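Next come the chains, spelled out residue by residue.
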Amino acid sequence: MKNRYSLKIKLIISFWVVLVIALAIPSYYFMNTVEEEVKKETIKSVSDRMSILVWSLSNNESENLSLLDEVIKEIGETGQDRISIINLEGVVLADSMVPFDQVGRIESHRAREEFVNALSHGDGYSVRHSSTVDRHLIYYARKVDLEPVGEVVLRMATPYATMDSFFERVSTGLWQMVLLSLVFSGLLVFLLVRKLTTKFQPMISLAQAIGRGDYQKRITSSPGREFDPLVEAINEMARSIESNIEVVSLQKMELQTILNGLNDSLAALDNTGRIMSFNQAFKDTFSHYNHYFGKRPIEMFHNSQLQECCNQVLSSHEVRTQSLEIEFKGRHYDVNIVSPEDRKMIGAILVFHDITNIKRLENIRKDFVANASHELRTPLTSIKGYTETLLENRDILEKKGNEFLGVIIKNTNNMIRLLDDILQLSKIESEPEKIVVKSIAIKPVVEKSWTNCRHYIQDKSVSFITDLDDECARVMGEPEYLGHVFQNLIENSIKFVPDDGQIRVVCRTSKDKVHIGVMDNGPGIPRDEQQRVFERFYRVKKFKGKVKGTGLGLAICRNIIRNMGGEIWVESPVSGRKDGCVIWFSLPKAI
C-alpha cells in the first residue's frame, strides 16, 4: 500500500508537534503566572488608590451632591481613573466622566459584579471590556459613608491597557521564537533524514531489484554497525528467494511442459467453480472464447449436467471423481472431474478426452457390419433361392436354367465386386507408401475412365464433356489409382443423373494446387450429409434402397486422393443452380 506522506514529512511534522508542545506548556504556564501576578499587583494598586480617594473625599466637606460631583471630576482629571458614586440601590449619583445633569441616564449598576461584592464584603472588583471606551478596565468598588449622601458605593475604573500591551509583546516574542525553532528544526530533520535515506538506498535498490525479478543483487555496505544484522538478513533473504524461485520456475516449467504435452484438454477450477488455469490443448480445442479465466463450465459448454457434476465434486469434503460424456460443437468428449487432496488453491480438475474418433469408428463398425451383412445377404439369398429351385425342379432347369444361372452369376459378381472394394480400400489404407506419384496428364486418364463406365449407362442418354484448361492439364499423381477415382465418380454420376443427364469434368488452379471436379445435373446431396458421404458404407438417406451401390466408392476416392497429397470435398448444389453436384478433389501441380 502506497503511503501518502514521505518519512521526511512525517519526521518534520513529529518534531514540530513535539516542539510546539514543549514550548506551549511552559509559555502558557508563564503567561498565566505573570498575568495573575500582574493582576494582583494591579488590583492592589487600585485598592491603594481607592483608599487615598476615600480619605480625600472623607476630608472634603461638600454641602451637596453637585459639589461632590465637582470634586470627583477634579480628581478624575488628574489621572485616567473614572470615579462613580452609586447608592445602595445601584443608581449612579455622580460620575467623573458624565455631566451631573445627565447622570440620571446611566443604567443601573445593581447587577454589576463589583457592586454586588462591595455590598456583601465591603470591597469588590471585576475585569471586563468596556464598550464605551473600547478597552479592558478594572472596576474596583468599596462601600463607604460620605457626606452629604450617606452610605454609598464608591467605584473606580482604571485602564487595563498596560498589562494588555505587555502580554501582547510577550506573546509576539514567543511566537517568533516558536516559528524560528520550527524552521531550524525542520531544516535539521530534513538534512538528517536525507542523509539517513541515502544510506538506506542500497536496501531500497535490492528490494526493487527483487521486485523486478533480479535476485542476484546484494548489499555490500551497511548504514551503520547497528544495521549489520539487518543487512545480513536481507542478503540471506535475497539468496533464499533466488534459490526458491529457481526451484519453483523449474518445477513450473516441467509441469507446464508435461501439461502442454498432453493431448487431452485440461482445466483447473478454483474453489468457487471458475476456471483458473488450463493447458495448451484446452486452448486449442475450445477456441470459441478469447478469455477463459473466471468462467464457469456451464458458460463455456452450455451443459447443465457437466456443471452439476462439477458442483458435486466442489461441494464434497472428500476426494471425489465424476465422469460423464458430453457433446460439444459436433465432437464427443469423455470428461473426468477430479478433486485434489489439497483444496487451498484448486477446487477441481477437468480432463477432456476427445472420443469423437472412437465414436465415429464405432459407428463405422456398426455401419460396416450392417451394410456388409445386407449387401452380402441379398445376393446370397438370391443365389441360394435360385440354386435350390434348380435342384428341386429339373423341368425349370431345362427351361430356364440359363436364365437362373445368369442371375446367380450376376449376384456372384456383385458379391465379388463388394469384396474387391473392401479389399481395395483396405489395401490403400494399409499400404499408402506404394502409391508413387509422378507428373501425369489428366485427359487420357479421364477418357479411359469414361470408356470403362459407358456400359453402366444402359438406356439413359448421358452426355460426357471434358473441360480441362492447359494450366491444369498435368498433375502429380499415379495413373492407375487416379483412374479408380475418376471411374468411381463417373459411375456415381451415371447412377443419379436423369435420362438426359450431363456429366462434365472441370478444373481450376490455385497456387500450387490443381482442383478437379466431376459435375453432374443430378438431384445433388443434402448439406447435412455432405461430410458423411466419404465414410465407409454411408449412403445418402433419400437414395438408400433406390440406387444400387456398396457405399465404398467415395471412401476409396478419399483415401487415394489423400495418399497422393490432396483433399476431396462436395459442392452441392452447383453454384448458380438449385440442383446438381460437384465432387472436387485437389492434387499438386506437376513439377
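Residues numbered from 1 in each chain as written. Predicted model: local features only at pLDDT ≥ 70, side-chain atom pairs only at ≥ 80, totals over all residues. Heavy atoms only, no water.

(A) Structural view of the overall build of the protein chain. On a plain count of helices and strands, the protein chain comes out with 13 helices and 17 strands. Sorting the 591 residues of the protein chain into buried and exposed places 37% on the buried side. Long-range contacts, defined here as pairs at least 24 residues apart, represent 56% of the contacts in the protein chain between residues at least 6 apart. When the accessible surface of the protein chain is split by element, carbon and sulfur atoms take 54% of a total near 36,000 Å². (Helix = DSSP H or I, 4+ residues; strand = E, 2+ residues; numbered from the N terminus. Buried < 20%, exposed > 50% of the residue type's maximum accessible area, 1.4 Å probe, protein only. Contact = heavy atoms within 4.5 Å. Areas by Shrake-Rupley, 256 points an atom, 1.4 Å probe, with all protein chains shown as cover.)

(B) Looking closely at the pairing of strand E15 (residues 513-520). Counting buried positions along E15 yields 7 of 8 residues, so the element is predominantly enclosed. Where strand E14 (residues 502-510) and E15 come together, 8 bridges link them in antiparallel fashion. Of the residues in E15, the one forming a bridge with isoleucine 503 is aspartate 520. Connecting E14 to the antiparallel partner E15 that follows it, the hairpin turn spans 2 residues, and lysine 511 within it adopts a positive phi of roughly 55°. Direction of pairing for E15 relative to strand E17 (residues 581-588): antiparallel, over a ladder of 8 bridges. (Pairing = 2+ DSSP bridges.)

(C) Representation of the pairing of strand E8 (residues 321-328) within the structure. With burial as the criterion, only one face of E8 is covered, namely that bearing Gln322, Leu324, Ile326 and Phe328; the residues Thr321, Ser323, Glu325 and Glu327 on the opposite face remain uncovered. Sheet topology note: the E8/strand E9 (residues 331-338) ladder contains 8 bridges and is antiparallel. Looking at E9, one finds that leucine 324 is bridged to valine 335. Between E8 and E9, which pair antiparallel one after the other, the connecting turn spans 2 residues, and lysine 329 there sits at a positive phi close to 50°.

(D) Up close: the side chain of glutamate 535. Within the element layout of this structure, glutamate 535 appears in the loop between E15 and helix H13 (553-563). Glutamate 535 gets classed as buried once you look at its relative accessible area, which sits at 14%. Ignoring anything within four residues of it in the chain, the contact list for glutamate 535 reads Gly551 and Ala555.

(E) A look at the packing of aromatic side chains. The tally for this structure, following the rule as stated, stands at 14 aromatic pairs. On the numbers, 4.9 Å between centres and 85° between planes, the contact of phenylalanine 286 with phenylalanine 301 is edge-to-face. Residue phenylalanine 286 is located in the loop between helix H6 (280-285) and helix H7 (297-301), and its partner phenylalanine 301 is located in helix H7; the two are separated by 15 residues in the primary sequence. Pair check on accessibility: phenylalanine 286 and phenylalanine 301 agree, each one buried. (Phe/Tyr/Trp six-rings, centres within 6.5 Å; stacked < 30°, edge-to-face > 60°.)

(F) Representation of the pattern of salt bridges. Under the counting rule described, the total for this entry stands at 17 salt bridges. Residue aspartate 467 is joined to arginine 504 by a salt bridge in which the shortest nitrogen-to-oxygen separation is 3.9 Å. Here aspartate 467 is found in strand E12 (residues 463-467), whereas its partner arginine 504 is found in strand E14, with 37 residues between them in sequence. Judged by relative accessible area, aspartate 467 falls into the partly exposed class, the value being 36%. A single network of salt bridges, built from pairs that share partners, joins Glu114, Arg128 and Arg155. (Salt bridge = Lys/Arg side-chain N within 4 Å of Asp/Glu carboxyl O.)

(G) Representation of a nonpolar patch on the surface within the structure. On the surface, a cluster of nonpolar side chains totalling about 640 Å² of accessible area is made up of Ile9, Ile13, Phe15, Trp16, Val17, Ile21 and Ile25. Its place among the elements puts isoleucine 21 in helix H1 (residues 7-58). (Patch = residues over 30% accessible without salt bridge, like charges linked within 9 Å, V, L, I, M, F, W, Y side chains within 5 Å.)

(H) The arrangement of unusual backbone geometry in detail. The peptide bond linking glutamate 147 to proline 148 adopts the cis configuration, its omega dihedral lying at 10°. Mapping proline 148 onto the fold places it in the loop between strand E4 (135-146) and strand E5 (150-159). Between serine 572 and proline 573 the backbone carries a cis peptide bond, its omega angle lying at 0°. Tracing the backbone shows proline 573 in the loop between strand E16 (568-571) and E17. Here the phi dihedral of lysine 329 falls at roughly 50°; this positive angle occurs in a residue that is not glycine. Looking at where lysine 329 falls in the secondary structure, it is placed in the loop between E8 and E9. Of note in the backbone geometry, lysine 511 takes a positive phi value of approximately 55° without being a glycine. In this structure, lysine 511 sits in the loop between E14 and E15. On the basis of relative accessible area, lysine 511 is assigned to the exposed category, the value being 77%.

(I) Representation of the sheet that holds E9 in the model. The 5 strands lie next to each other as E7-E6-E10-E9-E8, forming an open sheet whose pairing is antiparallel. At either margin of the open sheet sits one strand with a lone partner, and together these are strand E7 (275-278) and E8. Direction aside, the axes of adjacent strands within the sheet are offset by 25° on average. Contacts from helix H8 (residues 304-315) reach strand E6 (265-269), E8, E9 and strand E10 (348-354) within the one sheet, and its direction differs from that of E8 by about 160°. (Axes fitted to C-alpha atoms, helices over the stretch in contact; angles between N-to-C directions.)

(J) Geometry of the state of the cysteines. Counted according to the given criterion, the structure contains 1 disulfide. For cysteine 472, the disulfide goes to cysteine 507, at an S-S distance of 1.9 Å. Of this pair, cysteine 472 sits in the loop between E12 and strand E13 (474-477) while cysteine 507 is found in strand E14, placing the two residues 35 residues apart along the sequence. Classification of cysteine 507 as buried rests on a relative accessible area of 11%. In this structure cysteine 310 is not part of a disulfide, and its nearest cysteine sulfur, from cysteine 309, lies 7.1 Å away. When its relative accessible area of 0% is taken as the criterion, cysteine 310 is described as buried. (Disulfide = S-S within 2.5 Å.)

(K) Geometry of the sheet that holds E15. An order of E12-E14-E15-E17-E16 is seen for the 5 strands of this open sheet, with the pairing classed as mixed. What marks the edges here is a single partner per strand, and that holds for E12 and E16. Across the sheet, the mean angle separating the axes of adjacent strands is 20° when strand polarity is ignored. Along the sheet, helix H12 (residues 479-496) makes contact with E12, E14, E15 and E17, crossing E17 at roughly 170°.

(L) Spotlight on a negative patch on the surface. Together, Glu35, Glu36, Glu37 and Glu41 give the surface a local cluster of negative charge. For glutamate 36, the location among the structural elements is in helix H1. According to the relative accessible area criterion, glutamate 36 is partly exposed, its value standing at 43%. (Lys, Arg positive; Asp, Glu negative; His and termini not counted. Charge placed at Lys NZ, Arg CZ, Asp CG, Glu CD.)

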